[in-house]
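# Chain and residue survey
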Amino acid sequence: YCLHLTAQMKEMMKELNTKVLSLTNDNGNEFLDGEHYEIPVYYCDPRSPHQKGSVENAIGLLRQYIKRTTNLDDVTDQELQKIQDQLNYRPRKCLDYKTPHEVLYGKPVALAS
């Protein structure tokens, strides 16, 4: 499982317009394969959500669409794709009001009102 995730992460990093300098992961078993990357991999301390603030913020944004009590088996791939698109094209203060898509791919997007 871990090596499969590593392959996916490496593929995602190759697609970015910018060089990834390091990764910071949670302590879950799915992230214990840091030695398979060519960049430094850091791990958050247990029970230290402040060390991964942007992840916690993203979870908060996701909770606007999917409540904690939602059975994820009931969420379709199409619904997840719609949520992903909405979040990726949502301007963020921490990105100087650019969207994550703009920052990663350098392509501005027209936002519908």
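Calculation rules
Residues numbered from 1 in each chain as written. Predicted model: local features only at pLDDT ≥ 70, side-chain atom pairs only at ≥ 80, totals over all residues. Heavy atoms only, no water. Helix = DSSP H or I, 4+ residues; strand = E, 2+ residues; numbered from the N terminus. Buried < 20%, exposed > 50% of the residue type's maximum accessible area, 1.4 Å probe, protein only. Contact = heavy atoms within 4.5 Å. Areas by Shrake-Rupley, 256 points an atom, 1.4 Å probe, with all protein chains shown as cover. Core = buried A, V, L, I, M, F, W, Y, C linked by side-chain atoms within 4.5 Å. pLDDT = per-residue confidence, 0-100.

### Remarks on the overall build of the protein
Counting secondary structure elements, the protein contains 4 helices and 2 strands. The linear arrangement of helices and strands in the protein, starting from the amino end, is α-β-β-α-α-α. Within the protein, buried positions represent 20% of all 113 residues. A separation of at least 24 residues holds for 31% of the contacts in the protein among residues at least 6 apart in sequence. As presented, the protein carries roughly 8900 Å² of accessible surface, and 53% of it is formed by carbon and sulfur atoms.

### Notes on the nonpolar core
Listed in full, the 6 residues of the largest apolar core are Met 13, Val 20, Leu 23, Tyr 37, Ile 39 and Val 41. If we skip the residues at most four places from it in the chain, Met 13 touches Val 20, Leu 23, Tyr 37 and Ile 39. Counting 5 residues, the second-largest nonpolar core is a separate cluster that includes Leu 61, Ile 66, Val 75 and Ile 83.

### Concerning unusual backbone geometry
Negative phi is the rule for most residues except glycine; trans is the rule for most peptide bonds. In the Ramachandran plot, Arg 47 falls in the positive-phi region, its phi being about 55 degrees despite a non-glycine side chain. By the element assignment, Arg 47 lies in the loop between strand S2 (41–43) and helix H2 (53–63). Among the residues examined, Arg 47 registers a relative accessible area of 79% and is labelled exposed. For Tyr 97, which is not glycine, the phi torsion reads 65 degrees and is therefore positive. Examined against the element boundaries, Tyr 97 turns out to sit in the loop between helix H3 (77–88) and helix H4 (100–105). Residue class for Tyr 97 comes out exposed when judged on its relative accessible area of 55%.

### Considering the environment of Tyr 37
As for its placement among the helices and strands, Tyr 37 is situated in the loop between strand S1 (23–25) and S2. The buried category is assigned to Tyr 37, whose relative accessible area is 10%. In this structure, the C-alpha to C-alpha distance between Tyr 37 and Ala 7, residues 30 residues apart in sequence, is 9.6 Å.

### Comments concerning the confidence of the model for the protein
Overall, the predicted model of the protein reaches an average pLDDT of 80, with 82% of residues at or above 70. Per-residue pLDDT, averaged within each element of the protein, yields its smallest value for helix H1 (residues 2–15) (69) and its largest for H3 (93).

### Quick notes on the environment of Cys 94
Within the element layout of this structure, Cys 94 appears in the loop between H3 and H4. The class for Cys 94 is exposed, based on a relative accessible area of 66%. Residues Cys 94 and Ser 54, spaced 40 residues apart in sequence, show a C-alpha to C-alpha distance of 9.1 Å.

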